[in-house]
Amino acid sequence: MRGVVFTGNSTLEVMNFEDPKAGPGQAVVRMKASGMCGSDLHYYRAESMAKLMVQLGLKSFADRGLPDDTPIIAGHEPCGVIEEVGPDIDPKVLKPGDRVIVFHYEGCNFCEHCRGGWTQMCENGVEPHGVAKHGGHAEFQLVPASTLVKMPDELSFVGGAAVACGTGTAYYALVRMDVSARDQLVVFGLGPVGLSAVQLAAAMGVEVIGVDIDPGRVEAAKAYGAAHVINAKTHDPVEEVKKLTRGKGASCAMDCAGGDIAKQQAVRCTAPWGRIALVAVGGNLNVVGWNDMIAGQRTVIGSWTFSINGMKDCAEFIADHGVEVDKVFSDRWDIEDAEKAYQMFDKQTGGKGVFVF
């Protein structure tokens, strides 16, 4: 089979690998769609995967008895059809032909976080797909059968790839804030995760205000369901939000932009008792303890992707509400065009790409 491998310093190679075979507790997924995530760019730009794993606190190749130049297939937004299951997998649970999304973390399966479905927080060390284990940018992916979630029939493979990371991340941040139709939500950063948040929140009946410094993204947010949009390059988002909320501020805000300023504005645009979810990795939260937090009784939530059960809930919500998540992907690619796909994605001037098989 063919698979995409990041070879360091913004280079990659489409390599040949042996087709995988399912052993006990495993499944082989024939890939149908594999999304390109913004976090993939960290791996793409890194000097080497071996050094990056050490920086991320993951088990090194040496710890696993592997050479540092071991090729790891990229991609952690995989979706496809089960090709084969191990001999011990009950066909009433999973069988060849099932349409599935892959939960892209592996852990020990025994600590309290793994048992709760939050494998990325494994106490004994997480192994993310596309970094420590082979990911979805290939024709097949071998995974523990326990990482698979069946897809609703209403969800396309491209939509399933969206749910596998970016869209699922947006959904679970909304769940963590417990948003409802009573809320006004301000979304800072209208990239793929932010636009997914706009789209999903609108489907929940929330009044959404989208904020970005890119005029194209600001305009795009309207088509995703934003009731109001703000260009943060030309207007102060905090003041504009207050104008839209009778001077009170919004009840909720989400930072999908990264950077200190967006996080600070996300806090300050909310009313007293506001709930704020920090989703974007970049930047630090620099606020005044009394004025911004204590006196306003505000709650700040850190939200890191989702649990495997949360991924299932997201897929079912999208299916039940007819949310058109496919459109979060602006570019579709063949795996043999991976070099061009990542060169374009690295510029961060367009939308989100997906490999289709």
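Please refer to the structure placed before this passage.
The following refers to the structure shown.

### Thoughts on the environment of T234
Next, step 1: Of note, T234 is situated in the loop between β12 (228-231) and α8 (237-244).
Next, step 2: The exposure class of T234 is exposed, given its relative accessible area of 55%.
Next, step 3: Taking C-alpha positions, T234 is 9.9 Å from P215, a pair spaced 19 residues apart along the chain.
Next, step 4: Side chain to side chain, T234 and H235 meet in a polar contact 2.8 Å long.

### Here we look at the packing of helix α5 (residues 166-177) against helix α6 (residues 192-203)
Next, step 1: Across the interface, α5 lies against α6 with an axial gap of 8 Å and an inter-helix angle of 55 degrees. One element, α5, and the other, α6, form an angle in the oblique class. At the point where α5 passes α6, the crossing takes the right-handed sense. Listed contacts from α6 to G166, T167, T169, A170, Y171 and L174 of α5 are V193, S196, A197, L200 and A201.
Next, step 2: Partitioned by chemical class, the residues of the contact of α5 with α6 number seven nonpolar, four polar and no charged.

### Considering the pattern of salt bridges
Next, step 1: Taken as a whole and judged by the stated rule, the model has 17 salt bridges.
Next, step 2: Note that E240 and K243 form a salt bridge whose closest N and O atoms lie 3.2 Å from each other. Linking E240 with K243, this pair stays in helix α8, spanning three residues, or about one helical turn.
Next, step 3: Connected via shared salt-bridge partners are R64, E106, E127 and K133.

### Some details on unusual backbone geometry
Next, step 1: Residue N109 is not a glycine yet carries a positive backbone phi of 75 degrees.
Next, step 2: With respect to the helices and strands, the residue N109 is situated in the loop between β6 (105-106) and α3 (112-115).
Next, step 3: Backbone geometry places Q297, a non-glycine residue, at a positive phi of 55 degrees.
Next, step 4: The topology assignment puts Q297 in the loop between α10 (289-294) and β15 (299-302).

### Considering the nonpolar core
Next, step 1: Membership of the largest hydrophobic core comes to 78 residues, with the highest contact counts inside it found for F6, I101, M177, L185, M254 and Y342.
Next, step 2: For I101, the contacting residues outside a window of four places in its chain are P78, C79, T147, L148, V149, M151, L155, G160, V163, A164, M311 and A315.
Next, step 3: Counting residues in hydrophobic clusters, the runner-up holds 16 residues, among them F188, V238, A262 and A266.

### Quick word on the sheet that holds strand β11 (residues 207-212)
Next, step 1: Spatially, the six strands line up as an open sheet ordered β12-β11-β10-β13-β14-β15, and their pairing is parallel. The open sheet has two edge strands with one neighbour each: β12 and β15. Neighbour-to-neighbour, the strand axes of the sheet open up by a mean angle of 20 degrees, direction not taken into account.
Next, step 2: Pairing of strand β14 (residues 270-278) with β15, which is carried by four bridges, proceeds in the parallel orientation. The partner of R275 across the bridge, within β15, is T299.
Next, step 3: Together, β10 (184-188), β13 (250-255), β14 and β15 form the strand contacts of α5, whose direction differs from that of β13 by roughly 145 degrees.
Next, step 4: The sheet strands contacting helix α7 (residues 215-223) are β11 and β12, and the helix crosses β12 at an angle near 175 degrees.

### What about the packing of aromatic side chains?
Next, step 1: Considering all chains together, one arrives at ten aromatic pairs under this definition.
Next, step 2: When the ring of Y105 is compared with that of W304, the centres are 6.3 Å apart and the planes differ by 75 degrees; the resulting orientation is edge-to-face. Of this pair, Y105 sits in strand β6 while W304 sits in the loop between β15 and α11 (308-321), placing them 199 residues apart in sequence.
Next, step 3: Look at Y105 and you get buried, because its relative accessible area is 7%.
Next, step 4: What makes W304 partly exposed here is its relative accessible area of 48%.
Next, step 5: Aromatic pair Y342 and F345: ring centres 6.2 Å apart, planes at 70 degrees, arrangement edge-to-face.

### With respect to α7
Next, step 1: Where α7 begins, the capping side chain belongs to D214, and its oxygen is found 2.8 Å from the backbone nitrogen of G216.
Next, step 2: With its phi angle positive at about 115 degrees, G225 sits one or two positions after the end of α7.

### Brief notes about helix α12 (residues 338-346)
Next, step 1: Residues of α12 that are buried: A338, A341, Y342 and F345. The arc that holds the buried residues of α12, viewed along the axis, is 90 degrees, so those residues lie on one side.
Next, step 2: Q348, located one to two residues past α12, shows a positive phi value of around 55 degrees.

### So, the layout of surface pockets
The method is simple in principle: a probe with the dimensions of a water molecule rolls over the atoms, and the space it marks as empty is what remains.
Next, step 1: Taken as a whole, the second largest pocket spans an internal volume of roughly 230 Å³.
Next, step 2: Taken together, 14 residues line the second largest pocket, and the ones lying closest to its centre are Q26, K133, H134, L142 and V143.
Next, step 3: For the lining of the second largest pocket, the element with the highest residue contribution is strand β8 (residues 140-144), accounting for five residues.
Next, step 4: Here the residues of the lining of the second largest pocket sort into eight nonpolar, three polar and three charged.

Thresholds applied
- Residues numbered from 1 in each chain as written.
- Predicted model: local features only at pLDDT ≥ 70, side-chain atom pairs only at ≥ 80, totals over all residues.
- Heavy atoms only, no water.
- Helix = DSSP H or I, 4+ residues; strand = E, 2+ residues; numbered from the N terminus.
- Buried < 20%, exposed > 50% of the residue type's maximum accessible area, 1.4 Å probe, protein only.
- Polar contact = N/O pair within 3.5 Å; in protein donor to acceptor, adjacent residues only side chain to side chain.
- Axes fitted to C-alpha atoms, helices over the stretch in contact; angles between N-to-C directions.
- Parallel < 35°, antiparallel > 145°, perpendicular 65-115°, else oblique.
- Left-handed = near helix turned anticlockwise from the far one by under 90°.
- Contact = heavy atoms within 4.5 Å.
- Nonpolar A, V, L, I, M, F, W, Y, C, P; charged D, E, K, R; others polar.
- Salt bridge = Lys/Arg side-chain N within 4 Å of Asp/Glu carboxyl O.
- Core = buried A, V, L, I, M, F, W, Y, C linked by side-chain atoms within 4.5 Å.
- Pairing = 2+ DSSP bridges.
- Phe/Tyr/Trp six-rings, centres within 6.5 Å; stacked < 30°, edge-to-face > 60°.
- Arc of directions from axis to C-beta.
- 1 Å grid on protein atoms, 1.4 Å probe; cavity = no way out; pocket = protein on both sides within 12 Å on 5 of 7 lines; lining within 4 Å.
- Points joined across faces, edges and corners; volume = space filled by probe spheres on them.

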